[in-house]
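# Descriptive structure summary
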Amino acid sequence: MDGPVAEEYWRARPVLVTGAAGFIGAHLVRRLCALGARVHAVGRRLRESAYGETWHVADVADAGEVEWLVESTRPAVVFHLASEVAGARDPKLVLPMLHSNLTGVVNLLTAVAAVPETRVVLAGSLEELRPEEGDKAPSSPYAVSKWAADGYARMFHHLWGVQVSNLRIGMVYGPGRQDTHKLVPYVALALLRGREPELGSGTRHLDWVYVDDVVDAFLAAGETPEAAGRAFDIGTGTGTSIRDTVELLSEIVGGRTRPRYGVLADRALDSARIADPALAAEILGWRPAVGLEEGLRRTVDWFSREGR
């Protein structure tokens with residue numbers, strides 16, 4: 001999405017990015033600014049502009065604040081990335097996930113319903129249940145909040161014509177991730193520091209997708225009118241076990257430190273979550289470009305410079 005067509009589309013276009021201080025959000029803001037978009041970044045606290053973006057402080061769970069954001073910025077495209085992310089199976093997470101992840105989506109879609117020309121791209125998750133999974137139970141409060149958000153998106157599109165699409169994103173990794181509880185930064189930093197990362201069995205298969213590829217997918221969805229009303233899997237289509245991923249990280253880092261498997265219990269209802277990127281390729285023209293080994297090497301290089 002770095003070509004002249006993308007630049008022409010985004011140049012001077014007003015864009016609203018919620019969750020702009022997060023991992024994906026920060027990468028997306030940087031790319032949009034480089035393309036010449038007029039970027040309005042939203043976070044919970046005011047920040048200095050890094051790339052030419054304008055910052056706004058707002059809580060997306062507050063309907064009045066979201067309405068003000070949409071009315072004041074009049075965005076052509078909204079990228080909604082504001083979200084609480086936690087995979088724990090804890091009943092205390094149900095209300096926070098409902099409040100942060102579902103209420104924010106409903107507030108945004110309600111505000112945008114009055115501006116039908118605005119496009120909305122939601123950051124979903126491969127943890128969402130798909131229709132073909134039938135009566136299978138959602139695996140966590142996070143997963144069910146994302147699944148319900150997709151349902152609301154479809155309703156707003158079909159009843160009120162909101163141009164909203166949902167990107168069901170795989171396991172995102174790459175340089176710049178500061179949340180060291182996530183697998184890749186946790187393992188990379190532990191190995192770089194000569195410590196033994198403590199893990200579960202490592203048997204679960206996941207679809208790892210590099211952050212720059214995810215940004216490309218957001219831009220493609222924002223540019224494509226045919227994306228409205230659809231949900232797209234954003235991943236490679238290839239599952240890699242946690243153990244194999246960790247072993248690859250260990251090989252890249254080098255050294256004598258070894259991971260310890262089986263120290264932590266595996267989480268209930270965990271299953272392989274692998275993308276089917278065919279629809280994204282067909283409608284968005286999107287395909288992942290960075291392989292897992294190359295992406296992990298870039299990530300380790302960044303942590304070796306910035307994170308030790």
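Anyway, here's the lowdown on the structure attached to this text. Quantities reported herein were computed from a predicted structural model and do not represent experimental measurements.

### Some points on the sheet that holds strand β2 (residues 38-43)
What the seven strands build is an open sheet, ordered β3-β2-β1-β4-β5-β6-β10; its pairing is parallel. Sheet topology places β3 (54-57) and β10 (231-234) at the edges, where each strand pairs with a single neighbour. Sheet twist, expressed as the mean angle between neighbouring strand axes with direction ignored, is 20 degrees. Where helix α5 (residues 141-160) meets the sheet, its contacts fall on β5 (119-125), β6 (163-169) and β10, and the angle it forms with β5 comes to roughly 155 degrees.

### What to know about the pairing of β5
Of all seven residues in β5, seven are buried; the element is thus mostly enclosed. The two faces of β5 match: R119, V121, A123 and S125 on one face and V120, L122 and G124 on the other face are all buried. As defined by bridge partners, strand β4 (residues 77-80) adjoins β5 across four bridges and the pair is classed as parallel. Its bridge partner lying in β5, V77 is registered against R119. Judged from the seven bridges that link them, β5 and β6 form a sheet pairing that is parallel. In the strand pairing of β6, S125 is matched with I169.

### Regarding unusual backbone geometry
Its identity is not glycine, yet A12 carries a phi of approximately 70 degrees, on the positive side. Structurally, A12 can be placed in the loop between α1 (4-10) and β1 (14-18). With phi around 45 degrees, R74 is a residue other than glycine that occupies positive phi space. When you line up the elements, R74 lands in the loop between α3 (63-73) and β4. For R74, a relative accessible area of 48% translates into the label partly exposed.

Quick notes on the rules
Residues numbered from 1 in each chain as written. Predicted model: local features only at pLDDT ≥ 70, side-chain atom pairs only at ≥ 80, totals over all residues. Heavy atoms only, no water. Pairing = 2+ DSSP bridges. Helix = DSSP H or I, 4+ residues; strand = E, 2+ residues; numbered from the N terminus. Axes fitted to C-alpha atoms, helices over the stretch in contact; angles between N-to-C directions. Contact = heavy atoms within 4.5 Å. Buried < 20%, exposed > 50% of the residue type's maximum accessible area, 1.4 Å probe, protein only.

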